[in-house]
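Architecture at a glance
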Amino acid sequence: MDFKNYQTEGFFDEMFAADGEARPHYKKLLERFERLDPEDFDQKRQAVGLSFMRAGITFTVYSDDQGTERIMPFDLIPRIIPNSEWNFLERGLKQRITALNLFLKDIYHEQKILKDGVIPPSYVLGAKNFRREIVGIHVPRDIYIHICGTDLIRDDKGEYLVLEDNGRCPSGVSYVLEDRNAMRRAFPNLFPRAGVRPVEHYAEQLLKMLQYINPNTERTPVVGVLTPGAYNSAYFEHCFLARQMGVEIVEGRDLVVRDFKVYMRTTKGLQQIDVIYRRIDDDFIDPSVFNPKSILGVPGIVNAIRAGNITLANALGTGVADDKVMYYFVPRMIKYYLGEDPILKQVDTYLASEKEDFDFIIENIEKLVVKAANEAGGYGMLLGPWATKEECAKFREMVKADPRNFIAQNPISLSRHPTYCDNGDFEGRHIDLRPYILYGEDITIIPGGLTRVALRKGSLVVNSSQGGGVKDTWVLYNDE
Amino acid sequence: MLSRVADSLYWMARYIERAENITRLLEVNLQLLLDFEHLDDNQVKEHWDPIIRATGDEKQFYELYEMADSQTVTDFLTFNTKNPNSVLACIFAARENARQVRDQISSEIFESLNNLYLFLRSANAKTVWQQGAWDFYDRIQEHSHLFQGLVSSTISRDEGYEFMQFGTYMERADKTTRILDVKYHMLLPDITDVGGAVDVAQWIALLKSASAFEAYHRIYVADVNPAKIAEFLIFSNSFPRSIRFCVKEINDVLHRISGCPLASFSNEAERLSGLLLGDLSYGSVEGVLNQGLHEYLDGIQARLNEIGASTYNAYMFQPPVDLAEEIQTQQQQQ
């Protein structure tokens, strides 16, 4: 396999510099691939796909009554991050999550940041995911976001930018571990030679963190993973994490609240549970407080939280930090709480609810990326430069109708990475990066994370629901 | 262990055992047909009817098909997912249950079951079956054996293991009663045929359906005698598919789950299984034949069902939470 025909086409390419020379940290990988003949490559590719299918590492697409199980498209060429670059990212991410947790503690208690006029109170108190129900409630160790999946992108100069913080139930970490597993089988000898930092300790760190937030400190906590059930598209991941940690996987119907304590319904009667890694959104978790129609949740779990008998990870109410309007204020939060300048930059953002920005957005909508403040998964988004006139007009009306719910950003030309394409050759495809951050006794980040790749030519949307795939992400011990 | 998990483990094991037994029943009877010459439609129907009756799904069969013949019966019991007890439906259900408890079983078990599932869902499955039903059924049986081997070699001997064993032996006991009952429904062409070639062929097929042909002959050398066959499949204390053997395992498993000593009982399921085991341990084939084999087997099936129901009540059943009431109670405490 070679890269003779490979073109960077003026984009920032992760593997090749503008002059066509491979970057130093990709040299060993390049050598290995150049020694690989296309048949071998194809065989490895199919073997990896088959092993995912067999192990049931799939997500379910419901297009017919049975549901079709698909594997996440996996690209064999890993994305590589040199050590010093990673150290920089790590520092930036730690700073950011520290500020976000201080922010959440503040707005659910004293609200100093609002009183000091750093953020207009209406933005926070009127946010869709601000949970009045938990104001003044103490959460163990004052941690709200225990597990964070921050999306990073690189612009046309290769500078890393934060695109969004996912502080609710970020998914995808099982792919990081399973993809690594698959790569190890496909290229067993390459790993020691390239000097790749391991990721396998994630589940151990996750469990340690969950035990650290035990509300009932007089005893060893019983930990569980709360899943919406086997029909959820991320069910594989929930089981995977529970199995790796050796903890129970529970559904809402397995739990019941009595005397402000949460119990599991077992063959030997009720057993108390102390810490829940929940993969159900706030809205569905307690029908006695939030959505009363939810059958996924546990009535009374909020009462148990108030009584201090159970900890949820992530805590209730973190969704406000995911609000894209709040994103705008994160650099100010860092400055306010930590007295530091943000290490990681983020994308310049316009708030439709500010008069000046509003006018700018309405006039320039076809040049901007417009996003709904509380949507995820690549939905509720307008890519102005690629959109039709009708789509632009539609979004213009939507923004006018509900300015608080929209932001706009200048389009970023995402970095690209050589990716195997159906035509049998490598072509550049846009990528992003989602590192997984754990906030417990200390902050840990597994080296790497999930590199998502937009497999459609020219596409900037990396979400799996919209034609995205994944790559293994290597963080090296060294810089080359 | 979560009650829901115990229930899923039980059904996973039970469905696999069920699929295996159905394939054996079909395979053997397809073979048996080859031994007869010139069967007319009616004779073919008389051959298959007892099998449909023995599986207990007669009513549903005749809702879906007009006529019992090799094609319709094998389709009904193999591929038709409208029949919840077809091989395909069983394997799909087993795999679905495995998915619900993926964190409790070894990845080897899940992968082997998932492989079988992917094979059955592929277009290839029907082709393999058309090319030779034997190969197809063998494959299912091999996977069932693989499953049991993996359970034995990759699962810790804790509660989850016991619930799987419970499922396997409950299904096996039930299916042995049904296989034995097939012969009751099979009519011989003529009363003088008793003990004749057709009769013997049918009894041999029955033994094979229960994987008991070789084991039987090791004890009763070359003597195909109905009373002895019934005695072997009901009362053998060493053959692992005899009803007595299965019930002994069921009784042991139930006592291991509760920790109650074997000679006593701590719940209704243990009392019933102990009682049934006593009857099987001290019963005789003469008594069975006096009562009538079919009636006797019917009684055993009913008692197994009671053991299943009371085990469900003891461990798996959780009184449904009245969501509206629960919400109201919790809101009053806010």
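This is a predicted model, so every value here is computed, not measured.

Here's the deal with the overall build of chain A
Of regular secondary structure, chain A possesses 15 helices and 24 strands. Here the C-alpha atoms of chain A give a radius of gyration of 23 Å, agreeing with the 23 Å that 2.2 N^0.38 yields for 480 residues. Along the first, second and third principal axes, the C-alpha set of chain A runs to 70 × 60 × 50 Å. A total of 480 residues make up chain A; the buried ones form 59% of that total. For chain A, long-range pairs separated by at least 24 residues make up 68% of all intrachain contacts whose partners lie at least 6 apart in sequence. If you sum the accessible surface of chain A, you get close to 19,400 Å²; carbon and sulfur atoms cover 48% of it.

Considering the environment of Pro292(A)
Residues and elements named next belong to chain A. Secondary-structure assignment places Pro292 in the loop between α10 (282–285) and α11 (301–306). For Pro292, a relative accessible area of 54% corresponds to the exposed category. In the structure, Pro292 is positioned 163 residues away from Asn129 in sequence and 17 Å away in space, judged by C-alpha atoms.

Concerning the interface of chain A and chain B
If you look at the interface, chain A gives 40 residues, while chain B gives 36 residues. When chain A packs against chain B, the two sides together hide about 3,300 Å² of surface, and 45% of this comes from carbon and sulfur. Its largest share of buried area at the contact with chain B, chain A owes to Arg243(A), Arg265(A) and Thr267(A), together 21% of the area lost on that side. At the junction of chain A and chain B, the tally comes to three salt bridges. Among the salt bridges present, the one from Glu251(A) reaches Arg4(B), with a minimum N-O distance of 3.4 Å. For the interface between chain A and chain B, the tally reads 21 residue pairs in polar contact (both at pLDDT 80 or more). Mapped onto the side of chain A that touches chain B, the elements with two or more residues apiece are α2 (38–54), α9 (235–245), β8 (248–250), β9 (255–258), β10 (261–266) and α11 of chain A. With five residues, α9(A) is the largest single contributor of residues to the side of chain A that touches chain B. Grouping the constituent residues of the side of chain A that touches chain B by class yields 20 nonpolar, nine polar and eleven charged.

Things to note about the packing of helix α2 (residues 41–55) of chain B against helix α9 (residues 159–185) of chain B
Residues and elements named next belong to chain B. Axis separation between α2 and α9 bottoms out at 8 Å; the angle between their running directions is 140°. In terms of axis orientation, α2 runs oblique to α9. Helix-helix and strand crossings are classified by hand; for α2 and α9 the assignment is right-handed. Residues Pro50, Ile51, Arg53, Ala54 and Thr55 of α2 lie in contact with α9, whose contacting residues are Arg178, Val182 and His185. Here the contact of α2 with α9 is built from residues that sort into four nonpolar, two polar and two charged.

Concerning helix α8 (residues 133–154) of chain B
Spanning 22 residues, α8(B) covers 31 Å between terminal C-alpha atoms, matching the ideal 32 Å at 1.5 Å per step. Packing partners of the buried residues in α8(B) comprise α1 (3–34), α4 (70–78), α5 (87–100), α6 (107–121), α7 (124–131) and α9 of chain B.

Quick look at a nonpolar patch on the surface
Residue and element names in this part refer to chain A. Residues Phe284, Ile295 and Leu296 make up a contiguous nonpolar surface patch of about 280 Å² in total accessible area. With respect to the element layout, Ile295 can be found in the loop between α10 and α11. For Ile295, a relative accessible area of 70% gives the class exposed.

Section: unusual backbone geometry
A negative phi angle characterises most non-glycine residues, just as the trans form characterises most peptide bonds. Residue and element names in this part refer to chain A. Note that the residue after Ala313, namely Asn314, is joined by a cis bond; omega there is -5°. Positionally, Asn314 belongs in the loop between β13 (311–313) and α12 (319–322). The backbone phi angle of Arg141 is positive, close to 60°, even though this residue is not glycine. You can see Arg141 is positioned in the loop between α5 (121–125) and β4 (147–149). Given a relative accessible area of 44%, Arg141 falls into the partly exposed group. At Phe260, a position not held by glycine, the phi torsion is positive, near 65°. By secondary structure assignment, the location of Phe260 is in the loop between β9 and β10.

Quick notes on the nonpolar core
Core analysis: the largest hydrophobic core is formed by 246 residues, its most contacted members being Phe103(A), Ile119(A), Tyr202(A), Leu206(A), Leu210(A), Met333(A) and Phe136(B). At 14 residues, the largest contribution of residues to this core is made by α1(B). Counting residues domain by domain, this core receives three or more from each of domain 1 (1–154) and domain 2 (169–318) of chain B. Beyond its immediate chain neighbours, meaning those up to four positions away, Phe103(A) contacts Ile113(A), Ile119(A), Val124(A), Met326(A), Met333(A) and Tyr337(A). Counting residues in each nonpolar core, the second largest holds 15 residues, with Ala352(A), Ile361(A), Val370(A) and Phe395(A) among its members.

Looking at the domain arrangement of chain B
All names here are of chain B. Taken as a whole, chain B is organised into domain 1 (1–154) and domain 2 (169–318). Distance between the C-alpha centres of domain 1 and domain 2: 21 Å. Where domain 1 abuts domain 2, roughly 2,200 Å² becomes buried across the two surfaces, and 61% of that area is made up of carbon and sulfur atoms. Close ionic contact of Arg14 with Glu171 constitutes a salt bridge, the shortest N to O distance being 2.6 Å. The tally of links between domain 1 and domain 2 comes to eight residue pairs in polar contact (both at pLDDT 80 or more). Contributions of two or more residues to the side of domain 1 that touches domain 2 are made by α1 and α2. Residue composition of the side of domain 1 that touches domain 2, by class: ten nonpolar, seven polar and seven charged.

So, the state of the cysteines
Residues and elements named next belong to chain A. Taken as a whole, this structure holds zero disulfides over all chains when the rule is applied. Of all cysteine sulfurs, the one in Cys169 lies closest to Cys148, which takes part in no disulfide; the gap is 12 Å. The exposure class of Cys148 is buried, given its relative accessible area of 1%. Take Cys239: it sits in no disulfide, and the sulfur closest to it among the cysteines is that of Cys169, at 16 Å.

Remarks on the pairing of strand β19 (residues 416–420) of chain A
All names here are of chain A. With five of five residues buried, β19 is to be regarded as a mostly interior element. Of the two faces of β19, both are covered, the one formed by Arg416, Pro418 and Tyr420 as well as the one formed by His417 and Thr419. Strand direction decides the pairing type here: β19 and strand β20 (residues 426–434), joined by five bridges, are antiparallel. When the bridges of β20 are listed, Arg416 appears paired with His430. In textbook terms, the turn of a hairpin is the stretch between consecutive antiparallel strands, and for β19 and β20 this stretch comprises five residues, one of which, Gly424, has a positive phi near 85°.

Calculation notes
Residues numbered from 1 in each chain as written. Chains lettered and ligands numbered in written order. Predicted model: local features only at pLDDT ≥ 70, side-chain atom pairs only at ≥ 80, totals over all residues. Heavy atoms only, no water. Helix = DSSP H or I, 4+ residues; strand = E, 2+ residues; numbered from the N terminus. Rg over C-alpha atoms; globule rule 2.2 N^0.38 Å. Buried < 20%, exposed > 50% of the residue type's maximum accessible area, 1.4 Å probe, protein only. Contact = heavy atoms within 4.5 Å. Areas by Shrake-Rupley, 256 points an atom, 1.4 Å probe, with all protein chains shown as cover. Buried area = accessible area lost by both parts, 1.4 Å probe. Salt bridge = Lys/Arg side-chain N within 4 Å of Asp/Glu carboxyl O. Polar contact = N/O pair within 3.5 Å; in protein donor to acceptor, adjacent residues only side chain to side chain. Nonpolar A, V, L, I, M, F, W, Y, C, P; charged D, E, K, R; others polar. Axes fitted to C-alpha atoms, helices over the stretch in contact; angles between N-to-C directions. Parallel < 35°, antiparallel > 145°, perpendicular 65-115°, else oblique. Left-handed = near helix turned anticlockwise from the far one by under 90°. Expected span 1.5 Å × (residues − 1). Patch = residues over 30% accessible without salt bridge, like charges linked within 9 Å, V, L, I, M, F, W, Y side chains within 5 Å. Core = buried A, V, L, I, M, F, W, Y, C linked by side-chain atoms within 4.5 Å. Domains from an automatic or database assignment. Disulfide = S-S within 2.5 Å. Pairing = 2+ DSSP bridges.

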